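Notes for the structure review
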Amino acid sequence: IDLTASPTLTSISGIVNYVDINVGDTPSVSAKFSSFAYKNAQQSDVTATLTAEQLAAITAVEVPLNVVQDPNGKNIGTATWTYTVADGAFDFLAAGETLTLTYIARVDNNFAPNNETAFVPFTILITGTNDKPTIAASGGEITERIGTGSTETDTVTGTVAFTDPDLTDRPVVSAEISTADPFRYYDAEGHDITATLTAAQLAAILAVQVPLTVVQAAGNSHNGSATWTYSIADSAFDFIADDETLTLNYVAT
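Residues numbered from 1 in each chain as written. Predicted model: local features only at pLDDT ≥ 70, side-chain atom pairs only at ≥ 80, totals over all residues. Heavy atoms only, no water.

1. So, the overall build of the protein chain
Looking only at helices and strands, the protein chain has two helices and 14 strands in total. A compact globule built from 253 residues would reach a C-alpha radius of gyration of about 18 Å, whereas the protein chain, at 31 Å, exceeds it by more than 25%. Within the protein chain, the proportion of its 253 residues that are buried is 31%. A sequence separation of at least 24 residues applies to 72% of the contacts in the protein chain between residues at least 6 apart. (Helix = DSSP H or I, 4+ residues; strand = E, 2+ residues; numbered from the N terminus. Rg over C-alpha atoms; globule rule 2.2 N^0.38 Å. Buried < 20%, exposed > 50% of the residue type's maximum accessible area, 1.4 Å probe, protein only. Contact = heavy atoms within 4.5 Å.)

Structure follows, in structure tokens:
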């Protein structure tokens, strides 16, 4: 859960049992991938509607099984199959989604004059968990216009980009002023004087901590972006003296 691109190997094993009434036979077991079924988090079968990206991810986990014959087996015996894949290969499965891989076990009796075979299907069920998206955001800068009381609007925009390994997730971007560290104020020499601001300065800063407008990009899927916009009348910055700087810290989610 919440672990992306993990190289840790995930393994599961099972048994194929066989009985051959001919005591002189020495059967052997092999296994081959056959088919798959995909269910969404509501457990509806969506196999027929998968995207090319999902199909490619599924193909990557249709790996050959390692089949080990019973060293003591003769006409009656067993073989052990093992399925091994890096956990990161399943990142494409969202929480609650399931992928069922069907393999076909084949038993050959290896009787040279007339080899006979038998087949039986078995399944491996893989259940998805959530993988957190990766997010990156760009900021921006505004320089206050010279003069007092300007009614011109200052606007700055930036981008938030995201990548979600869960192929059916559809992330939505939002942004709010940070509650832990909403702003920093620096004097003309670049010194952080946030802790020494007056009540009047704090009130003026609070007034410019306006909500951002966030627009999701068209065509977003599990990967995508959004554009944020900060817009305010220039006069709201009149309290900032020459070369002083105010940094507003917003958090994109």
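2. Some details on the sheet that holds strand E11 (residues 213-216)
Working definition: the strands of a sheet are paired by backbone hydrogen bonds and lie parallel or antiparallel to each other. With antiparallel pairing, the four strands of this open sheet are ordered in space as E7-E8-E12-E11. For this open sheet the edge positions go to strand E7 (134-137) and E11, each flanked by a neighbour on one side alone. On average, adjacent strands in this sheet sit at an angle of 20° to one another, irrespective of strand direction. Pairing of E11 with strand E12 (residues 223-233) involves four bridges; the strand directions are antiparallel. Paired with Val 214 across the two strands is Trp 228, which belongs to E12. (Pairing = 2+ DSSP bridges. Axes fitted to C-alpha atoms, helices over the stretch in contact; angles between N-to-C directions.)

3. Re the environment of Gly 147
Inspection of the secondary structure puts Gly 147 in the loop between E7 and strand E8 (153-163). Owing to a relative accessible area of 41%, Gly 147 belongs among the partly exposed residues under this scheme. Counting along the chain gives 134 residues from Gly 147 to Ser 13, while the straight-line C-alpha distance between them is 75 Å.

4. A word on the pairing of strand E5 (residues 98-108)
The buried fraction of E5 amounts to eight of the eleven residues, a majority that puts the element mostly inside the structure. Both strand E2 (residues 28-39) and E5 contribute to a ladder of eleven bridges, which runs antiparallel. Within E5, the residue paired with Ser 30 across the bridge is Arg 106. As paired strands, E5 and strand E6 (residues 117-127) are joined by eleven bridges and run antiparallel to one another. Its bridge partner lying in E6, Thr 100 is registered against Leu 125.

5. So, the pattern of salt bridges
One pass over the full model with this rule turns up four salt bridges. Between Arg 106 and Asp 108 there is a salt bridge; the shortest N-O distance is 2.8 Å. With a closest N to O distance of 3.1 Å, Asp 154 and Arg 145 form a salt bridge. The buried category is assigned to Asp 154, whose relative accessible area is 5%. (Salt bridge = Lys/Arg side-chain N within 4 Å of Asp/Glu carboxyl O.)

6. Some thoughts on the packing of aromatic side chains
Taken as a whole and assessed by the stated rule, the structure comprises six aromatic pairs. Aromatic pair Phe 33 and Tyr 103: ring centres 5.5 Å apart, planes at 80°, arrangement edge-to-face. Of the two residues, Phe 33 is situated in strand E2 and Tyr 103 in strand E5; the sequence distance between them amounts to 70 residues. Exposure remark for Tyr 103: the relative accessible area of 1% places this residue in the buried category. (Phe/Tyr/Trp six-rings, centres within 6.5 Å; stacked < 30°, edge-to-face > 60°.)

Coordinates in, geometry out; function isn't part of it.
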